[in-house]
Amino acid sequence: MATKITKAVIPAAGLGTRFLPATKAMPKEMLPVVDKPAIQYVVEEAVAAGLTDVLMITGRNKNALENHFDRMTELESTLQRKGDTDRLHKVEFSNDLADMHYVRQGDPRGLGHAILRAKMHVGREPFAVLLGDDLIDERDVLLSRMLEEQSGRNATVIALMEVDPALSHMYGIATVEPTDDDDVVRITGLVEKPAQGTALSNLAIIGRYVLRPEIFDILERTDPGKGGEIQLTDALQEMAENDIAGGVYGVVFRGRRYDTGDRLDYIKAIVQLAVEREDLGPDLRPWLKQFSAQLD
Ligand code: UTP
């Protein structure tokens, strides 16, 4: 019987260079998406999929991340005194979302290196990885589908999404073969950021993984790859190619995803989410229409 997965690892130690200077003294995972930091959406997604133990991999400027998921006694008592229960609930909500743990990465030597920092905490169980700057719309199912596949196949499961072929050089790209399930493929090969025009498919890896503990053994001997970083994609490629620990499967996601580490995607995420909000949508929609009419 497959073990029930309870642990989520959230890497949030990258330098966030695409967002400088905003990320000079603050992790990009703390950038607000409407009125919540990106990282809170990610933790909420993990909890909604039944994961109760969250290990965050942090880097410099980790204080803001830790503080966000901790009590803020002064702020809470001020809101209490003012009788502002609505805001008080919003502040308190992130305090007890999950059992939170933190470990430092030290030098950000790549996503694979960040995941390796979770080895002690995770032990020899399968676990989920959610990238702290990658948002999946809560109305679209992904992580619970991946957990279900992992438990059925007892293999490694990663999330894939079709991308514009002109952009495949920005992603890890998978070559695949079909399975009996429409939304599941078996992965035969993976390449991190292939040179423009050389990608063998348009199926890109997005920031959700359900990994088996054997990944740690492979990462420990994985040499730095693209960009001089220890790449998770390279370790997964070894697993897929040699069919290690049941091989690697992909769940093809067709829902809404926002890469908040990219400035344009970040702006789109805020607009898309705000337009649908009951408190902001009714004022924002007519303004947006008027604004876009002035654009051409
Ligand atoms: P990215 O490549 O998007 O993050 O990593 P980055 O390096 O911070 O981005 P730019 O290109 O400089 O703007 C994806 C995820 O992996 C984490 C990041 O925090 C992000 O959530 N990561 C990346 C680490 O935790 N450690 C690393 O060494 C690299």
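Before reading further, recall that the structure is shown in the block above.
Below: a short report on this structure. None of the values given here were measured: they were computed from a predicted structure. (Residues numbered from 1 in each chain as written. Predicted model: local features only at pLDDT ≥ 70, side-chain atom pairs only at ≥ 80, totals over all residues. Heavy atoms only, no water.)

The next thing to look at is the overall build of the chain. Broken down by element type, the chain carries 11 helices and 13 strands. Scaling as 2.2 N^0.38, a compact globule of 296 residues should have a C-alpha radius of gyration of about 19 Å, and the chain matches this with 20 Å. In the chain, buried positions account for 48% of the 296 residues. Restricting the contact set of the chain to residue pairs at least 6 apart, pairs at least 24 apart contribute 76%. Treating the 35 positive side-chain charges of the chain as one cloud and the 48 negative ones as another, the clouds have centres 4 Å apart. (Helix = DSSP H or I, 4+ residues; strand = E, 2+ residues; numbered from the N terminus. Rg over C-alpha atoms; globule rule 2.2 N^0.38 Å. Buried < 20%, exposed > 50% of the residue type's maximum accessible area, 1.4 Å probe, protein only. Contact = heavy atoms within 4.5 Å. Lys, Arg positive; Asp, Glu negative; His and termini not counted. Charge placed at Lys NZ, Arg CZ, Asp CG, Glu CD.)

The tally for this structure, following the rule as stated, stands at three aromatic pairs. Centroid distance F19 to Y266: 5.1 Å. Interplanar angle 85°. Geometry classified as edge-to-face. Residue F19 is found in the loop between strand 1 (7-12) and strand 2 (32-33), and its partner Y266 is found in helix 10 (residues 263-275); the two are separated by 247 residues along the sequence. Where W287 meets F291, the ring centres are 4.9 Å apart and the plane angle is 10°; that geometry is what we call stacked. You can see W287 and its partner F291 sitting in helix 11 (residues 281-293), four residues apart, about one turn around the helix. Residue F291 is classed as partly exposed on the basis of its relative accessible area of 37%. Note that K36 overlies the ring of Y41, its terminal NZ or CZ placed 4.4 Å from the centroid. Just above the ring of Y249 sits the side chain of R153; from NZ or CZ to the centre is 4.5 Å. (Phe/Tyr/Trp six-rings, centres within 6.5 Å; stacked < 30°, edge-to-face > 60°. Lys NZ or Arg CZ within 6 Å of the ring centre and 35° of its normal.)

Taken together, 19 residues surround the ligand, and among them G16, T17, E29, Q105 and G110 come closest. Contact between the ligand and K28: an oxygen atom at 3.0 Å from a side-chain N or O atom of the residue. For the ligand, whose unbound accessible area comes to 580 Å², protein coverage reaches 85%. Elements that contribute at least two residues to the shell around the ligand include exactly strand 1 and helix 5 (111-116). Here the shell around the ligand is composed, by residue class, of eight nonpolar, six polar and five charged. (Near = heavy atom within 4 Å. Polar contact = N/O pair within 3.5 Å; in protein donor to acceptor, adjacent residues only side chain to side chain. Areas by Shrake-Rupley, 256 points an atom, 1.4 Å probe, with all protein chains shown as cover. Nonpolar A, V, L, I, M, F, W, Y, C, P; charged D, E, K, R; others polar.)

Okay, the nonpolar core next. In terms of nonpolar packing, the biggest core is built from 45 residues, with I39 and M56 touching the most fellow members. When residues in this core are grouped by element, the largest group, six residues, is from helix 1 (residues 38-48). Every residue in contact with I39, bar those within four places of it in the chain, is listed here: I10, A12, E29, M30, M56, L65, F69 and G132. Formed by 35 residues, the second largest nonpolar core is a distinct cluster that contains I115, V129, L236 and V252. (Core = buried A, V, L, I, M, F, W, Y, C linked by side-chain atoms within 4.5 Å.)

Along the polypeptide, K28 turns up in the loop between strand 1 and strand 2. At a separation of 2.8 Å, a polar atom in the side chain of K28 contacts the side chain of D133.

This part takes up the packing of helix 3 (residues 73-82) against helix 4 (residues 85-93). Close contact between helix 3 and helix 4 brings their axes to 9 Å; oriented N to C, the two are set at 160°. Taken together, helix 3 and helix 4 sit at an angle that is classed as roughly antiparallel. Here helix 3 and helix 4 pass one another in a crossing that is left-handed. Contacts between helix 3 and helix 4 pair L75, E76, L79 and Q80 from the former with R87, L88, V91 and E92 from the latter. Partitioned by chemical class, the residues of the contact of helix 3 with helix 4 number four nonpolar, one polar and three charged. (Axes fitted to C-alpha atoms, helices over the stretch in contact; angles between N-to-C directions. Parallel < 35°, antiparallel > 145°, perpendicular 65-115°, else oblique. Left-handed = near helix turned anticlockwise from the far one by under 90°.)

We now examine the environment of E66. By secondary structure assignment, the location of E66 is in helix 2 (residues 63-68). Of the residues examined, E66 reaches a relative accessible area of 25% and is grouped as partly exposed. Linking E66 and R277, residues 211 residues apart in sequence, is a C-alpha distance of 27 Å.

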